Amino acid sequence: GRETGIHTSAPDLVEKYGSFFKITLPDNASVTNDANTPTAMCCDPELLREIYDRPEDFQKMGWKDSTTRKNGTGAGLFPSDDDEPLYHQASRILRPAFSQKGMKEYFPIIQNSTMLLARRFESASTDAKLIDTHKIMSAFTFDVISKVCFSHDFGSLTSDEPNEFLTHLENTVDAAVTMRKYPSKALGTAGLVLSGQAAKSAAASKYRQAVNQSMLNERKALLGTLQPSSSDPATGGAEEASANAKTAAPNDMLTRMLTEADPVTGQKLPDDNIMAQITTFLVAGHDSTSSTITTLLYNVCLNPDVERRVYEEVVGVCGADPDAPITWAQLASLPYCNTVLQENMRLYPAAPAFFKRTRADRAVLLGKYELPPATDIEINTWGLARNPAVWPEPTKFDPGRWTEESARGRSPFASLPFSYGTRGCIGRQLSLLEQRMALAYLVRKFHLTVDPSSDLKVDAWVFTNPEGVRIKVTPRAPPSSSSSVVLHHHCPGTVTPDPASSQQHQHDLDSLPE
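Residues numbered from 1 in each chain as written. Predicted model: local features only at pLDDT ≥ 70, side-chain atom pairs only at ≥ 80, totals over all residues. Heavy atoms only, no water.

Participant: I keep staring at the overall build of the protein chain and nothing clicks. Help me out?
Facilitator: A tally of helices and strands in the protein chain yields 18 helices and twelve strands. By the burial criterion, 55% of the 514 residues in the protein chain qualify as buried. Here the contacts in the protein chain between residues at least 6 apart in sequence split such that 75% fall between residues at least 24 apart. By element, 53% of the accessible surface of the protein chain is carried by carbon and sulfur atoms, the whole surface being about 21,800 Å². (Helix = DSSP H or I, 4+ residues; strand = E, 2+ residues; numbered from the N terminus. Buried < 20%, exposed > 50% of the residue type's maximum accessible area, 1.4 Å probe, protein only. Contact = heavy atoms within 4.5 Å. Areas by Shrake-Rupley, 256 points an atom, 1.4 Å probe, with all protein chains shown as cover.)

Participant: I keep staring at the state of the cysteines and nothing clicks. Help me out?
Facilitator: Throughout this description, disulfide means a covalent bond between two cysteine sulfur atoms. Summed over the entire model, instances satisfying the criterion amount to zero disulfides. You can see C318 has no disulfide; the closest cysteine sulfur is in C337, sitting 8.0 Å from it. (Disulfide = S-S within 2.5 Å.)

Participant: I'm lost on the environment of Y182 in this one. Help?
Facilitator: Topologically, Y182 is positioned in the loop between helix 7 (164-180) and helix 8 (185-195). Here Y182 falls in the partly exposed class, since its relative accessible area comes to 29%. Separated by 156 residues in the primary sequence, Y182 and P26 have C-alpha atoms spaced 9.1 Å apart.

Participant: What am I meant to see in unusual backbone geometry here?
Facilitator: Glycine aside, the phi torsion of most residues is negative, and most peptide linkages are trans. Despite not being glycine, S151 shows a phi value in the positive range, around 50°. Within the fold, S151 resides in the loop between helix 6 (133-150) and helix 7. Classification of S151 by relative accessible area gives partly exposed; the value is 40%. Positive phi, close to 45°, is recorded for E393, a residue that is not glycine. The residue E393 is located in the loop between helix 16 (381-385) and helix 17 (404-407) in this model.

Participant: Could you clarify how one ought to interpret the pairing of strand 2 (residues 39-42) in this entry?
Facilitator: On any regular strand, side chains alternate: one points to one face of the sheet, the next to the other face. Residues of strand 2 alternate between two faces, with T39 and M41 on one and A40 and C42 on the opposite face, all of them buried. Bridging between strand 1 (residues 20-22) and strand 2 involves three bridges; their strand directions are antiparallel. When the bridges of strand 2 are listed, K22 appears paired with A40. Sheet topology places strand 2 next to strand 8 (residues 376-380); four bridges connect them, and they run parallel. Within strand 8, the residue paired with C42 across the bridge is I379. (Pairing = 2+ DSSP bridges.)

Participant: I tried to follow the packing of helix 12 (residues 271-302) against helix 18 (residues 428-445) on my own but got confused; where do I start?
Facilitator: At a closest axis distance of 10 Å, the pairing of helix 12 and helix 18 adopts a crossing angle of 35°. The two elements helix 12 and helix 18 cross, and the hand of that crossing is right-handed. Contact residues: helix 12 offers T289, T292, I293, L296, L297 and V300, while helix 18 offers S431, E434, Q435, A438, L439, L442 and V443. By residue class, the composition of the contact of helix 12 with helix 18 is eight nonpolar, four polar and one charged. (Axes fitted to C-alpha atoms, helices over the stretch in contact; angles between N-to-C directions. Left-handed = near helix turned anticlockwise from the far one by under 90°. Nonpolar A, V, L, I, M, F, W, Y, C, P; charged D, E, K, R; others polar.)

Participant: It is not clear to me how the side chain of H7 should be interpreted in this structure. Could you clarify?
Facilitator: Tracing the backbone through its elements, the reader meets H7 in helix 1 (residues 6-17). Separated by 2.8 Å, the side chain of H7 and the backbone oxygen of V458 make a polar contact. (Polar contact = N/O pair within 3.5 Å; in protein donor to acceptor, adjacent residues only side chain to side chain.)

Participant: Would you mind going over the sheet that holds strand 4 (residues 131-132) with me for this structure?
Facilitator: Note on sheets: strands pair through backbone hydrogen bonds, and any given pair is parallel or antiparallel. Reading across from one edge, 4-12-9 is the order of the three strands in this open sheet, with antiparallel pairing throughout. Two strands bound the open sheet, and with one partner strand each, they are strand 4 and strand 9 (446-450). Bridge count between strand 9 and strand 12 (residues 470-475): five bridges; the pairing is antiparallel. By the bridge assignment for strand 12, L448 is matched with V473. Sitting on the sheet, helix 12 is in contact with strand 9 and strand 12, with an inclination near 90° to strand 9.

Participant: What is the right way to look at empty space enclosed by the protein in this model?
Facilitator: Left-over empty space is what a probe sized like a water molecule reveals as it rolls over the atoms. Applying the stated criterion across every chain, the model contains three cavities of 30 Å³ or more. Looking at the largest cavity, its volume works out to about 880 Å³. Forming the boundary of the largest cavity are 48 residues, of which F78, A351, F354, V462 and F463 lie nearest the centre. In terms of residue count, helix 12 provides more of the lining of the largest cavity than any other element does, seven residues in total. Grouping the amino acids of the lining of the largest cavity by side-chain chemistry returns 29 nonpolar, twelve polar and seven charged. (1 Å grid on protein atoms, 1.4 Å probe; cavity = no way out; pocket = protein on both sides within 12 Å on 5 of 7 lines; lining within 4 Å. Points joined across faces, edges and corners; volume = space filled by probe spheres on them.)

Participant: What's the story with the environment of T126 in this structure? I'm lost.
Facilitator: Tracing the backbone shows T126 in helix 5 (residues 100-126). Considered as a pair, T126 and T474 are 348 residues apart in the sequence and their alpha carbons are 8.9 Å apart.

Participant: Would you mind going over the environment of V310 with me for this structure?
Facilitator: Take V310: it is sitting in helix 13 (residues 304-318). Of the residues examined, V310 reaches a relative accessible area of 0% and is grouped as buried. C-alpha separation for the pair V310 and A440, spaced 130 residues apart in sequence, amounts to 7.3 Å. The residues touching V310, leaving out its near neighbours within four places in the chain, are Y336, C337, V340, L439 and V443.

Participant: Help me understand helix 18, please; the structure alone is not making it clear to me.
Facilitator: Because the α-helix completes a turn every 3.6 residues, residues three or four places apart line up on one side. Along its 18 residues, helix 18 runs 26 Å from first to last C-alpha, staying within 8% of the 26 Å computed at 1.5 Å per residue. The buried count for helix 18 comes to 18 of 18 residues, which makes it a mostly enclosed element. (Expected span 1.5 Å × (residues − 1).)

Below you can see the structure in the form of structure tokens.
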């Protein structure tokens, strides 16, 4: 087929073989899997509930020996295994920063970045140019994550020149997608060398390492940790200087990683792990959300009634002034917009699959199935989203699925765009804020249509890579006071987490903002 990745064939496999079946994957189909690993595909919500409720039997494994780790990403939060103590240490240090309190602190960054994004849309309208949706959304989400996590402005939205980091990342993604087109990792590696893509990918890794090291060194200097203070400890001068340096430094992830100790072990993160976390946040922290907003706008454009209802709700709650900032409280009062987000994440989940591995020391029972030791379970999010046993008319874009009435009784494991449990996406709340803000602000300010030249193609590496969506932008005229537009001030709320579940559903949109 024209698209590459197991996500494209999973729906057909589910329709043919059901919601749980044995599958043999080529050794280049997954970062953590190879052809010799016994594998099953699971797109059954009830079996997924059991998997996530039994973390002692089903774990995230296989990353430490992967080519991804060996090629320079390091042991960041995403590419780490459950049995790595450093993962748990980093998780305990970093997760508090993604709390409600943290999101409110970062909210002005998202507001400002969204306004810059709107200026790019406005410029395209003035110049009668089409928007290359994924490219501009990558610039938007990259600027947000770099400012939120590292207080660093790469200027992706304000510069006319391509961002060097994103250009290098495109080379990495292209190489990863090309690798999937070969029948094995060995042939793929040879093909990348011969085509020159391997050299580009290596250069990209080297560039990212240099960027990471530069940001780390600059922050260390700001915190005064590169050179010990000459103050007399007996006078308390050193402690005072350290406290002052921390106060002067930005209150972001980088400062947190350099200054906070793990509450369990009492240890701080080593520099090489901080470097790995920088890579994880800059890459995974922007790429998944940019892909999601790309398909979000695509689906809204293709469904004029959905666009109309989004516009009416936003104007009814936030006012008709297309340039007025949208506040935290207003963003929390857009229930129909939330259903649109939910449905887009169901139909086009940015992470095409998650893998869990059974225990290596014994067989494990899952439902009625006995799985051999060290069996991989591929949780294919696209197969789940298009499973007709779970979703009526699964390929139809229908936000109405997510009203309370429609969702009543549905398993919270029927859609897993952020995975679930302790290994659920740490940045899900930040991603939801970016999605909400982009949708509300852009649809209020512009009428968006998909240009006939568009040809959506969704390849996948670690995340999906939706390309070919070209949007035409037309500025809206604010409705007059005599306008006959009917404003929707209320729509049934989004689905709430199953109270029987042991943990809150990871993409419960009612939890943020408040």
